[in-house]
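# Results of the structural survey
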Amino acid sequence: MSVLVVGLSHKSAPVAVLERAAVSGDTLTKLLRDVVQAEPVAEAFVVSTCNRVEVYADVDRFHAGVTAICELLARHCGVPPHELTQYLYVHYEDRAVSHLLAVAAGLDSMVVGEEQILGQVRSAVKLGAEHGTAGRVLGELGRLALRTGKRARAETAIGRAGLSLLSAAVELAAASLGPLHPGEDPLAGRDVLVVGAGSMSGLATATAARSGAASITVANRTRAHAERLAASVSPVTTTVTGLEDLPSAIAAADVVISCTGAAGQVITGDMVSAALAARPPGDALVIMDLAMPRDVEPAVTDLPGVVLIGMDQLSEHASAVRDDDVAAVRTILEAELAAYQSAMDAARVAPTVVALRAKAAGVVDAELARLAGRLSADGLSGHALDEIAQTVRRVVDKLLHAPTVRVKELAGSPGGEEYAAALRVLFDLDPRAVEAVTRAAPEQEGSR
């Protein structure tokens with residue numbers, strides 16, 4: 001089996017295609033289920049964010065795996081295959097693993113170094129595990145990605161150098177409005193409206209509070225969720241409202257941050273026109289649409305005094321990341337990938353090593369039993385027999401140590417499997433014993 005990734009992101013597709021291809025909720029779980037039921041696929045998880053949709057799978061055939069995943073992705077996201085495939089990228093084996101590590105470390109993000117992607121990868125792996133689609137192989141790969149992402153942020157300045165998506169949006173909003181008082185926080189003195197109460201809205205609310213917002217209003221369909229989110233940023237002045245009161249809430253705001261999970265548009269041109277009519281003339285209004293699909297009707301951009309900031313603008317507003325920070329992260333990625341490759345290579349020859357040691361142990365036990373039967377008749381004490389047994393086992397262990405360690409080291413070299421094959425031939429190992437060890441590994445892992 002080998003790891004395969006098929007996906008599209010802000011680097012390969014325009015925003016209009018990404019928002020059509022976005023999968024979440026029931027659609028995401030159905031996609032997971034159907035992918036893992038495809039004949040070439042053993043395991044799968046899906047990373048689906050506002051600017052990427054990627055299917056990671058453990059497959060036994062490359063071409064069949066790519067074909068199956070492309071067809072299922074097109075079917076579930078509702079984009080015809082002939083439109084979708086031109087934007088898809090494919091990575092396989094080591095390149096697939098390397099790509100996931102880069103994603104988790106924030107190197108492949110719209111804003112390099114942003115932190116949200118690490119939690120999104122964690123959620124993707126967790127969802128796959130909960131639905132039984134991510135098992136031993138992809139579970140281990142997910143843990144590797146999360147460990148690598150954490151290392152990148154702990155050991156380099158990539159997280160501090162790269163602005164989060166929301167921080168970038170706030171900077172653009174502040175630049176559009178201009179500071180009320182020079183030298184203050186970006187949103188100091190500004191009234192902010194957050195539309196939605198999901199995880200992205202929580203981040204938006206926290207970012208607005210950190211940026212000095214004078215007040216924050218949370219608008220959501222479910223009032224209890226809005227109240228919980230508003231309470232999380234005390235002591236900033238907060239209020240909550242329903243989506244039916246959006247026009248009046250927009251009229252009272254300087255900055256609107258919309259990031260719901262709605263399938264349709266939440267903020268329309270007519271709604272914003274009504275809000276503008278209730279505002280003092282000349283007051284600028286900044287609306288940030290961070291949702292995918294979009295929350296805000298594009299016609300809003302034609303209204304006087306309104307600045308609409310969407311994903312397209314944010315992609316051009318990444319903070320400058322120092323080359324040495326990126327290089328340091330890539331060094332971490334290379335080290336983690338090399339360790340992963342070595343572990344995988346060693347795992348491939350491990351059944352042969354285990355079978356060899358099991359055969360040696362069997363031979364030793366048989367010979368010791370025969371020797372004990374012969375020597376006990378001569379009155380040799382049990383203690384002496386134990387000493388002999390320990391000596392024989394130490395001799396066998398020392399003789400096997402060098403070849404078994406060496407075969408693991410050589411497993412990653414070109415033709416590494418040939419060394420394991422040579423051990424099987426030289427020691428006349430029963431192929432069924434090797435296969436039994438191979439089958440037992442995932443069973444033991446699943447029972448933990």
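Structure: see above.
Residues numbered from 1 in each chain as written. Predicted model: local features only at pLDDT ≥ 70, side-chain atom pairs only at ≥ 80, totals over all residues. Heavy atoms only, no water.

## Overview of the sheet that holds strand β6 (residues 215–219)
Let me state the cut-off plainly: One bridge is not enough; two strands pair if DSSP finds at least two bridges between them. Every helix listed is a DSSP run of H or I at least four residues long, and every strand listed is a run of E at least two residues long, numbered separately from the N terminus. Fitting a line to C-alpha atoms yields each axis, with helices limited to the stretch in contact; the angle taken between N-to-C directions then spans 0 to 180 degrees. Whether two residues are in contact is decided by their heavy atoms: any pair within 4.5 Å suffices.
Taken together, 6 strands build an open sheet; the order of strands is β7-β6-β5-β8-β9-β10 and the sheet is parallel. Among the strands making up the open sheet, the edge pair consists of β7 (237–241) and β10 (306–309). Along the sheet, successive strands turn relative to each other by an average axial angle of 15 degrees, direction set aside. Sitting on the sheet, helix α11 (residues 223–231) touches β6 and β7, and the angle it makes with β7 is about 170 degrees.

## With respect to the packing of aromatic side chains
The following threshold applies: Two aromatic rings, drawn from Phe, Tyr or Trp (for Trp, its six-membered ring), form a pair once their centres lie within 6.5 Å of each other, and the interplanar angle then sorts them: stacked below 30 degrees, edge-to-face above 60, tilted otherwise. We call a residue buried when its accessible area falls under 20% of the maximum for its residue type, exposed when it is over 50%, and partly exposed in between, using a 1.4 Å probe and counting protein chains only.
Following the criterion strictly, the structure yields 2 aromatic pairs and no others. On the numbers, 4.8 Å between centres and 55 degrees between planes, the contact of Phe62 with Tyr92 is tilted. With a gap of 30 residues between them, Phe62 in helix α3 (residues 62–77) and Tyr92 in strand β4 (residues 89–92) connect regions that are remote in the sequence. On the basis of relative accessibility, which here comes to 25%, the residue Tyr92 falls in the partly exposed class.

## Considering the pattern of salt bridges
The condition that has to hold: Any Lys or Arg side-chain nitrogen located within 4 Å of an Asp or Glu carboxyl oxygen qualifies as a salt bridge.
The final tally for this structure, using the stated rule, is 15 salt bridges. A salt bridge links Asp108 to Lys11; the shortest N-O distance between them is 3.1 Å. With a gap of 97 residues between them, Asp108 in the loop between α5 (94–105) and α6 (116–130) and Lys11 in the loop between β1 (2–9) and α1 (15–21) connect regions that are remote in the sequence. Note on Asp108: relative accessible area 10%, which makes it buried. Overlapping salt bridges, with partners in common, bring together Lys11, Arg52, Glu54 and Asp108 in one network.

## Side note on unusual backbone geometry
Backbone geometry places Glu93, a non-glycine residue, at a positive phi of 55 degrees. Relative to the helices and strands, Glu93 resides in the loop between β4 and α5.

## Quick word on the packing of α5 against helix α7 (residues 136–155)
Our working rule: Oblique is the label for any angle not covered by the other classes, which are roughly parallel (under 35 degrees), roughly antiparallel (over 145) and roughly perpendicular (65 to 115). Note on convention: near helix rotated counterclockwise from far helix by under a right angle means a left-handed crossing. Clockwise means right-handed. Ten residue types, Ala, Val, Leu, Ile, Met, Phe, Trp, Tyr, Cys and Pro, are classed as nonpolar, four, Asp, Glu, Lys and Arg, as charged, and the remainder, Gly among them, as polar.
Across the interface, α5 lies against α7 with an axial gap of 8 Å and an inter-helix angle of 45 degrees. On the basis of the axis angle, α5 is oblique to α7. For α5 against α7, the interelement crossing comes out right-handed. Every residue of α7 that contacts α5 at Val97, Leu100, Leu101, Ala104 and Ala105 is listed here: Leu141, Leu144, Ala145, Thr148, Gly149, Ala152 and Arg153. For the contact of α5 with α7, the per-class residue count stands at 9 nonpolar, 2 polar and 1 charged.

## Points about α3
Worth spelling out the cut-off: Helix span, as expected, comes to 1.5 Å for every residue beyond the first.
Here α3 contains 16 residues, and its C-alpha end-to-end distance of 22 Å stays within 8% of the 22 Å for a straight helix at 1.5 Å per residue. Gly78, located one to two residues past α3, shows a positive phi value of around 80 degrees.

## Some remarks on the sheet that holds strand β2 (residues 41–49)
The strand order across the open sheet formed by 4 strands is β2-β3-β1-β4, and the pairing between neighbours is antiparallel. The sheet terminates laterally at β2 and β4, the two strands that pair on one side only. Ignoring which end each strand starts from, the neighbouring axes of this sheet average 15 degrees apart. The pairing of β2 with strand β3 (residues 52–59) spans 8 bridges and is antiparallel.

## Comments concerning the pairing of strand β8 (residues 255–258)
Put simply, side chains in a regular strand alternate between the two faces of the sheet. Basically, it comes down to this: Note on handedness: a clockwise path from strand one over the helix to strand two, with the strands aimed away from the viewer, defines a right-handed crossover.
Alternating positions in β8 separate into two faces, Val255 and Ile257 on one and Val256 and Ser258 on the other, with burial throughout. Pairing between strand β5 (residues 191–195) and β8: 4 bridges, direction parallel. If you follow Val194 over to β8, its bridge partner there is Ile257. Bridge count for β8 against strand β9 (residues 285–289) is 4 bridges, and the pairing is parallel. Across the sheet, residue Ser258 finds its bridge partner in β9, namely Asp289. Taken together, β8, helix α13 (residues 269–277) and β9 constitute a β-α-β crossover, and its handedness is right-handed.

## Thoughts on the environment of Thr133
The residue Thr133 is located in the loop between α6 and α7 in this model. Classification of Thr133 by relative accessible area gives buried; the value is 3%. Taking the C-alpha atoms as reference points, Thr133 and Val46, 87 residues apart in sequence, are found 10.0 Å from one another. Setting aside chain neighbours within four positions, we find Thr133 in contact with Leu32, Val36, Ala42, Glu43, Ala44 and Gly128.

## Quick notes on the side chain of Glu43
The condition is simple: The charge count includes Lys and Arg as positive and Asp and Glu as negative, but it does not include His or the ends of the chains.
Tracing the backbone through its elements, the reader meets Glu43 in strand β2. The side chain of Glu43 sits in the buried core without any salt bridge; Arg136 is the nearest counter-charge, 6.1 Å away. If near-sequence neighbours (up to four positions away) are discounted, Glu43 is found in contact with Val36, Tyr56, Ala57, Asp58, Thr133, Ala134, Gly135, Arg136, Val137, Leu138 and Gly139.

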